[in-house]
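# Survey of secondary and tertiary structure
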Amino acid sequence: MHIATMISLGAYFVLMMAIGYYAYKKSTSDVSGYMLGGRQLHPAVASLSAGASDMSGWMLMGLPGAVFVAGFSAAWIAVGLLIGAYFNYLLVAPRLRVYTEVADDAITIPDYFEKRFKDNSHFLRVLSSVVIIIFFTLYTSAGVVSGGKLFEASFGLSYEVGLFATAGVVVAYTLFGGFLAVSLTDFVQGCIMFVALVMVPIVVLFDLGGVGGMTRQLDTVDPELMNIMSGLTFAGLISSLAWGLGYFGQPHIIVRFMAIRNLGDVKTARHIGMSWMLVTVIGAVGTGLAGLAYVTAGGHDIGDPETIFIFLSEVLFHPAISGFLLAAILAAIMSTISSQLLVSSSSLTEDFYKTFLRKEASQSELVLVGRASVFAVSLVAIALAFDRSSTILTLVSNAWAGFGAAFGPIILLSLHWRRMTRAGAIAGMVTGAVTVLFWIYAPIEIAGARLSAHVYEMLPGFILALAAAVVVSLRTKPHSSEMDEGFTAMEKAMVERADQLG
């Protein structure tokens, strides 16, 4: 590896560690400060942090790789995500921000569920925590796999060394700096990703002679590559768009809404977040298409399609710039891993340790347990990532569907429907999670392919979970406090905030 590339990467690592140290010095000793940053997140930080933790290595490796293989038709996934993210800001962000504060300062999603439905049995809290731990196991391992592939493809190091190097830096700043460190590093990483996904496709297009040159080259490979409807069935289109449904149930994303400093900042965050997402998604799709044209024109063989961004970074740029672009991939990977580690840690700390083992634990003790949980979860993620048989996109799609189906309908209904009951929430959550797992792993084939090859597991999971939650809620009698107290307080708070905003 060139010395200039090493310097660029080294500077990136130092910057991340410096932010972690700054957050450590600024953080408070209470668990709310460690897990949620005291609900004082700036809208720009909240939006870019949500975007960076959302997109992960999928944005710079998974999506360009999918477009590289399938052509422009693979972009329908991105369209679904853009729609889903927009409605997440509209339907979930404002109400969740107010309700979690009104509901006795709920700082985790399981904590919110328990307080929303007045569940003194703690069953709903435990169930949602188990769902978080199961699906974040898949999600976090996807991020670590991305790091391993990056170090192997770019630096000539072993895949295993890449796993430990990636996880090591993330664990360091997450463990000490908590939510503030994760959010600030995500903000910086989001900026790096933005610049990289604008720079790479533009430079490749210039090398190919513009969009026309790229299109002509792709036509020589397959005239259908630029056709967004090429090879697309109705089921395939709906499955791609269904990715957007996942946003409503992603704990590591919606927790940013809980932490934003006030209701008025939600709109600002939406504008910033959606602008960032639109540009980066276009850049990722452009990287896949332009990369395919460049590789086929030059007769190159890159092996793994998910490394196309890495290949372009190394052959078209000065080593110092190449180091910056590789840092962008690390930024995408690390931002998601850190968010997932923190959510898993907060669930283990608040929803298991404090609830069942040490109800009277001090704030400093809970912070210590949270840090220990970050370390423990990271070890499990590294162990799982040693099996590299699945692609990044497959791992992410499975976990995304799991959260989207198990939590998405419950989050939406709990914030917008007074009649929802505790039993309905449990039924919906179990139905969503079980449907997704069945759809992925059931030994049932149609036309020689698993169910998930025909319809993305998110769609049946979300629909069945929504139906189960509504039906069971209507057939069970809620306590009056379930319907009225929480919603009345939330709606009053929202009206007051709206009045204050003029």
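So, here is what we can say about the structure in this document.

### Section: the packing of aromatic side chains
- Using the criterion set out here, one finds 9 aromatic pairs in the structure.
- Ring centres 4.9 Å apart and planes at 90° place the aromatic pair Y247 and W400 in the edge-to-face group. Of this pair, Y247 sits in the loop between α10 (234–241) and α11 (251–259) while W400 is found in helix α16 (residues 392–416), placing the two residues 153 residues apart along the sequence. W400 carries the same exposure label as Y247, and that label is buried.

### Quick look at α10
- Residues of α10 that are buried: L237, S239 and S240. Buried residues along α10 cover an arc of 165° about the axis, so they all sit on one side.

### Focus on empty space enclosed by the protein
- Under the counting rule described, the total for this entry stands at 4 cavities of 30 Å³ or more.
- By volume, the second largest cavity is sized at about 100 Å³.
- Every residue lining the second largest cavity is counted, 14 residues in all, and those nearest its centre are A50, G51, D54, A85 and Y89.
- Contributions of two or more residues to the lining of the second largest cavity are made by α3 (43–70), α4 (76–91), α11 and α12 (264–298).
- Here the lining of the second largest cavity is built from residues that sort into 9 nonpolar, 4 polar and 1 charged.

### Quick notes on the side chain of Q250
- Counting through the fold element by element, Q250 comes out in the loop between α10 and α11.
- One polar contact links the side chain of Q250 to the main-chain carbonyl oxygen of W400, over a distance of 3.1 Å.
- Aside from chain neighbours lying at most four places away, what touches Q250 is Y139, W400, F403 and G404.

### A look at helix α9 (residues 210–221)
- In this model α9 runs 17 Å from its N-terminal to its C-terminal C-alpha over 12 residues, within 8% of the 16 Å that 1.5 Å per residue would give.
- Of the positions making up α9, those classed as buried are G213, M214, Q217 and L218. Summarising the axial view, the buried residues of α9 lie within an arc of 130°, below the 170-degree limit, and thus occupy one face. Exposed residues pointing more than 90 degrees away from the buried face of α9 are listed as V211 and R216.

### Some words on the environment of M274
- Structurally, the position occupied by M274 is in helix α12.
- Filtering out sequence-adjacent residues up to four positions away, M274 remains in contact with L82, A85, Y86 and Y89.

### Looking at the side chain of R97
- Relative to the helices and strands, R97 resides in helix α5 (residues 93–102).
- At a separation of 2.4 Å, a polar atom in the side chain of R97 contacts the main-chain carbonyl oxygen of I260.

### Section: the packing of α11 against helix α14 (residues 319–357)
- α14 packs onto α11 with a crossing angle of 80° between their chain directions and a minimal axis gap of 9 Å. Our classification of the angle between α11 and α14 gives roughly perpendicular. The residues of α14 that touch α11, namely those facing P251, H252 and R256, are S339, Q340 and V343.

### Quick word on the pattern of salt bridges
- Scanning the model with the defined rule gives 4 salt bridges in all.
- As a salt-bridge pair, R422 and D119 come within 2.7 Å of each other at their nearest N and O atoms. Of the two residues, R422 sits in helix α17 (residues 422–441) while D119 sits in the loop between α6 (109–116) and α7 (123–155), which places them 303 residues apart along the sequence.
- Its relative accessible area of 28% is what places R422 among the partly exposed residues.
- The structure contains a network of salt bridges with shared partners spanning D111, E114, K115 and R125.

### Describing the environment of L341
- The topology assignment puts L341 in helix α14.
- L341 gets classed as buried once you look at its relative accessible area, which sits at 1%.
- With 167 residues separating them along the chain, L341 and T174 place their C-alpha atoms 7.8 Å apart.
- Not counting the four nearest positions on each side in its chain, L341 is found in contact with V170, V171, V374, V377 and S378.

### Description of the environment of R216
- Relative to the assigned elements, R216 resides in helix α9.
- Through-space distance from the C-alpha of R216 to that of A293 is 8.7 Å; in sequence the pair is 77 residues apart.

### With respect to a nonpolar patch on the surface
- On the surface, a cluster of nonpolar side chains totalling about 410 Å² of accessible area is made up of I83, Y86, F87, L90 and L91.
- One can find F87 in helix α4.
- For F87, a relative accessible area of 37% gives the class partly exposed.

### Considerations on the packing of α4 against α5
- The contact between α4 and α5 brings their axes to 3 Å, and the two run at 40°. Overall, the two elements α4 and α5 adopt an arrangement that is oblique. In this structure, α4 contributes N88, Y89, L90 and L91 to the contact, and α5 contributes A93, P94 and R95.
- For the contact of α4 with α5, the per-class residue count stands at 5 nonpolar, 1 polar and 1 charged.

Here is what the cut-offs are and how they apply
- Residues numbered from 1 in each chain as written.
- Predicted model: local features only at pLDDT ≥ 70, side-chain atom pairs only at ≥ 80, totals over all residues.
- Heavy atoms only, no water.
- Phe/Tyr/Trp six-rings, centres within 6.5 Å; stacked < 30°, edge-to-face > 60°.
- Helix = DSSP H or I, 4+ residues; strand = E, 2+ residues; numbered from the N terminus.
- Buried < 20%, exposed > 50% of the residue type's maximum accessible area, 1.4 Å probe, protein only.
- Arc of directions from axis to C-beta.
- 1 Å grid on protein atoms, 1.4 Å probe; cavity = no way out; pocket = protein on both sides within 12 Å on 5 of 7 lines; lining within 4 Å.
- Points joined across faces, edges and corners; volume = space filled by probe spheres on them.
- Nonpolar A, V, L, I, M, F, W, Y, C, P; charged D, E, K, R; others polar.
- Polar contact = N/O pair within 3.5 Å; in protein donor to acceptor, adjacent residues only side chain to side chain.
- Contact = heavy atoms within 4.5 Å.
- Expected span 1.5 Å × (residues − 1).
- Axes fitted to C-alpha atoms, helices over the stretch in contact; angles between N-to-C directions.
- Parallel < 35°, antiparallel > 145°, perpendicular 65-115°, else oblique.
- Salt bridge = Lys/Arg side-chain N within 4 Å of Asp/Glu carboxyl O.
- Patch = residues over 30% accessible without salt bridge, like charges linked within 9 Å, V, L, I, M, F, W, Y side chains within 5 Å.
- Areas by Shrake-Rupley, 256 points an atom, 1.4 Å probe, with all protein chains shown as cover.

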